[in-house]
Amino acid sequence: MIAFLIKRIANAMLVMLAVAFFAFMIFRFVGDPVEMMLNEQATQAERADLRAKLGLEDGFLVQFGRFVTNAAQGDFGISYRNQQEVIGLIAERFPATFELVIVATIISLAVGIPLGVVTAIRRGAWYSEALQFLSIIGVSLPSFVVGIVLILVFSVTLGLFPAFGRGETVQIGWWSTGLLTELGRAAILLPAVSLSLFQITLVMRLVRAEMLEVLRADFIKFARARGVPARIVHFRHALRNCLMPVVTMTAMQIGNLIAFALITETVFQWPGMGLLFIQAVTFVDIPVMAAYLCIVSFIFVALNTMVDIAYAVIDPRLRGANG
Amino acid sequence: MAALRYALLAGVMSAALASAAAAETFRWGSSRDIGSLDPYSYGDSFTINVMNHVYEGLVRYDRNLAIEPALATSWEVLSPTVWRFRLREGVSFHNGNPFTADDVIASLKRVSHADSPLKGNLPAYKAATRVDDFTVDVELNGAYPLLLNDLTNIHIFDAEWLAQHNAEVPTDIAKGIEGFATFNANGTGPFKVESRQPDAKTVFVVNPGWWDTPQHNLTRIEFTPVSSAATRVAALLSGEIDFTEDAPVQDLPRLAAAPNVKVLERTDLRTIFLMMNRRDELAEGGKNPLNDLRVRQAMQKAIDLELLRDRVMRGKSRAAGMIIAPEIPGYDAELDKLTPYDLDGAKALLAEAGYPDGFAFVFNCMSDGYVNEEQLCQAIASMWARIGIEPKLDIAPRPVQTPKRTGAKADVWTLGWATLPMLDSYSPLIQIIHSRDGNAGVFNWGDWSYPEIDALVQKASVELDRDKRLAMQTEALRIVGEEVIAIPLHQQPMSWAASAEVDEIPQFPDNKPRLWFVKK
């Protein structure tokens, strides 16, 4: 078991190193940050000086090595644009992204599970087919289009929700939350719905497939034969049995949502990590880009590693050969 | 019935009270955030513009962009290299500290420090000495007529506050240590910083102790960056913001049609022109035809400026014959004549120069640079194709394109120049047209050299008589036109949009909102 753990963690670290390496490869093509940092009146000599001072003139491997050494000690440097410590900037933005992702996940479960059940037990009914069809649209609509349509309908035309921002936030220690104020809750709704649309479809299709599988099982037939009411058969017995994969998938998707929230965050000016990253790209703020990519890949890798370990704990076959 | 009447009355009254209180809050939805609260942190004129509500300079621009006294009340030139400034008495910083000569000296030192990204904004500065509490002598490297123009953008900090918080020098990013002035501000300006959340909201409140009589009636400014253009438009339509300085061109008709929004349009001081590689070889090798005046003239004649204005810019730009706008000192209407579109003439000139079959070259444009730049470049490329030359369009974001431009990997490129912050034709002449030499010709990316112009610019740079100086600059600009060193295109349009509740908001041609002139 110990050997298995060490192997998994070593794997995870290798993945992180690879991500950082590719990130640095890309940075060579995003342009020259110094052009954005100095104003029009700076001379070429001043520009060259600043480049040298920031270490941008060093070779690729030297820059990469320096980044990995510093990052391993938790030092991601200072943002070129904001002149703040990168780690602090990201910590400041993390709560916004995390709340958005959690609310989006709750919405996707609350809507996706009932829809999945309905389309499974009423297979063939016109509304089931219609929902199936709509779900395809849900998957294929780009999220910035969804966001803008939501803004036009609910902010401009109906005036119900704000078009951008987090509303009012409350500070609890280093964590800022918008969930405790009315304005904050109103502000999170549109971006969360926009982010959850894809997820709803995913949950609905998964629940439907699992339900169809379970409904064919013997214990459902026996329950029906005993005269248990359909509602109880469906929701208490069948649905319970197909929630395991839904929970696993939802946990795994949180990493995805955090990464893809950047489009939603840009449309709604949601001050989260994704918006920070987009701004960093615009201004060639290399320290912020590098740290963001590393932290997001860390979240992915950590979630995956934890799931793997959990599976290994539950199922001895997975560690049998190796451990 | 009486109860109903009271209820109605109460309702009307509370509505009136609410609007009276809210009317003075001005919500600015900007297309981008400021870099930090420290105006000397990042070479970014937008940050300086926004922070100008908090910090002031010794002099400032008035409603007509003429220079007027601000923290200095008067000045005299003691010798060509020493200027004496008398400071305004009775001014205090937001923290209550009085404004004195020491503050001026500390601020000038800070902005000219080796680590300051803005030291180029005050190129002539050598040293400052205190004469008494309210008199400062500023010593310069040499005679320099545009000191006041530069000083409009040099914000004055409180020396004591800087010392107390260890912020006397600008933040050095390479050291990786945060600076106090990045998160805190203490100026003398009409507004104070109340709070700041980067990328979310920065709140300014009115400074009741401001030394000047306010011409605005705002009590609070909520500055919110909304980077997505569609969201910004939606927020304006739904009344969540009162103003944006960047209304997208494609949404202007829709904004203008909305009853609660008004659109403000005019042309910017920023003049867009094309510059050319003048080295011996083209970017991709081979002899450079752009060194032949006839080729440059042919390329100029092949561009239909009116068509560009009417179609690409939707009639909103002003076609230009000079590289500066009419508002800029040194402008001459005689020189601002458009070169007529002449396809046959262009072809004849090319043939005469020995390129009847044209030649290929790299045309470098930015995707996020100037208004409608991509379409503009595509249109120009197809106009050039008609005379048989083959521009290879290379379009990418600014940070990617600039190294190519400075590194001789482009033959023709777009450049926009507003002459900011000095608002004088000396700015493009020294920075773009002058030969590359130390501080001069920083934007001379094509390595051209006209000794005649250099001599004029050098003479102008030390000429303290304004009329004589401007005459020299105009003469230099005449040569720029005659030699087709640049091909002027237009002054680009700028569009602001404000809520109908905003009564007065002057739109400045330098595209900088100055909210201390706003009435709501």
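Residues numbered from 1 in each chain as written. Chains lettered and ligands numbered in written order. Predicted model: local features only at pLDDT ≥ 70, side-chain atom pairs only at ≥ 80, totals over all residues. Heavy atoms only, no water.

Draft legend 1. Local environment of the domain arrangement of chain A. Considered domain by domain, chain A is made up of domain 1 (2–72) and domain 2 (87–282). Distance between the C-alpha centres of domain 1 of chain A and domain 2 of chain A: 35 Å. (Domains from an automatic or database assignment.)

Draft legend 2. The arrangement of the domain arrangement of chain B in detail. All names here are of chain B. Under the domain assignment used here, chain B contains domain 1 (26–216) and domain 2 (269–493). Contacts between domain 1 and domain 2 engage 13 residues on the former and 11 residues on the latter. Together, the buried faces of domain 1 and domain 2 total about 1,000 Å²; carbon and sulfur atoms form 69% of this surface. When residues of domain 1 are sorted by the area they lose upon contact with domain 2, A143, P145 and L146 head the list and together hold 43% of the total. At the boundary of domain 1 and domain 2, one finds 0 salt bridges. Between the two partners, domain 1 and domain 2, sit 2 residue pairs in polar contact (both at pLDDT 80 or more). (Contact = heavy atoms within 4.5 Å. Buried area = accessible area lost by both parts, 1.4 Å probe. Salt bridge = Lys/Arg side-chain N within 4 Å of Asp/Glu carboxyl O. Polar contact = N/O pair within 3.5 Å; in protein donor to acceptor, adjacent residues only side chain to side chain.)

Draft legend 3. Main features of the side chain of R110 of chain B. Summarising the element assignment, R110 of chain B is placed in helix α3 (residues 101–111). Discounting residues that sit within four places of it in the chain, R110 of chain B has contacts with D38, Y40, S116, F157, L162, A167, E168, V169, P170 and A181 of chain B. (Helix = DSSP H or I, 4+ residues; strand = E, 2+ residues; numbered from the N terminus.)

Draft legend 4. Spotlight on a nonpolar patch on the surface. All names here are of chain A. Together, F21, F22, M25, I26 and L61 make up an exposed nonpolar region whose accessible area comes to about 490 Å². If you tally residues by element for the nonpolar patch, the top one is helix α1 (residues 2–27), at 4 residues. Residue placement: F22 occurs in helix α1. F22 sits in the exposed class, given a relative accessible area of 51%. (Patch = residues over 30% accessible without salt bridge, like charges linked within 9 Å, V, L, I, M, F, W, Y side chains within 5 Å. Areas by Shrake-Rupley, 256 points an atom, 1.4 Å probe, with all protein chains shown as cover. Buried < 20%, exposed > 50% of the residue type's maximum accessible area, 1.4 Å probe, protein only.)

Draft legend 5. Main features of the pattern of salt bridges. Residue and element names in this part refer to chain B. Considering all chains together, one arrives at 36 salt bridges over all chains under this definition. The closest approach of N and O atoms between E139 and K126, which form a salt bridge, is 3.4 Å. With a gap of 13 residues between them, E139 in strand β7 (residues 135–140) and K126 in strand β6 (residues 125–132) connect regions that are remote in the sequence. Of the residues examined, E139 reaches a relative accessible area of 32% and is grouped as partly exposed.

Draft legend 6. Structural detail: the state of the cysteines. Residues and elements named next belong to chain B. Tallied over the full model, the rule gives 1 disulfide over all chains. Paired through a disulfide, C365 and C377 show a sulfur-sulfur distance of 1.9 Å. As the torsion about the S-S bond is roughly -95°, the C365-C377 disulfide counts as left-handed. With C365 in strand β14 (residues 360–366) and C377 in helix α11 (residues 373–385), this residue pair connects regions lying 12 residues apart in the sequence. Per residue, the accessibility class of C365 equals that of C377, and both read buried. (Disulfide = S-S within 2.5 Å.)

Draft legend 7. Fine view of the packing of helix α5 (residues 86–121) of chain A against helix α13 (residues 286–314) of chain A. Residues and elements named next belong to chain A. Contact geometry for α5 and α13: axes closest at 10 Å, N-to-C directions at 55°. Between α5 and α13, the interaxial angle falls into the category oblique. Between α5 and α13 lies a crossing whose hand is right-handed. On α13, the residues that touch V86, I87, L89, I90 and F94 of α5 are P287, V288, A291, Y292, I295 and I299. Of the residues assigned to the contact of α5 with α13, the class counts are 11 nonpolar, no polar and no charged. (Axes fitted to C-alpha atoms, helices over the stretch in contact; angles between N-to-C directions. Parallel < 35°, antiparallel > 145°, perpendicular 65-115°, else oblique. Left-handed = near helix turned anticlockwise from the far one by under 90°. Nonpolar A, V, L, I, M, F, W, Y, C, P; charged D, E, K, R; others polar.)

Draft legend 8. Examining helix α15 (residues 466–482) of chain B more closely. All names here are of chain B. An ideal rise of 1.5 Å per residue puts 24 Å on 17 residues; α15 measures up with 24 Å between its terminal C-alpha atoms. Along α15, the residues classified as buried are R469, L470, M472, Q473, T474, A476, L477, I479 and V480. Check the buried side of α15 and you find it contacts α13 (426–433), α14 (451–461) and β17 (486–499). Capping of α15 at its N-terminal end is provided by D465; its side-chain oxygen lies 3.0 Å from the backbone amide nitrogen of D467. Just downstream of α15 lies V484, where phi reads positive at about 45°. (Expected span 1.5 Å × (residues − 1).)

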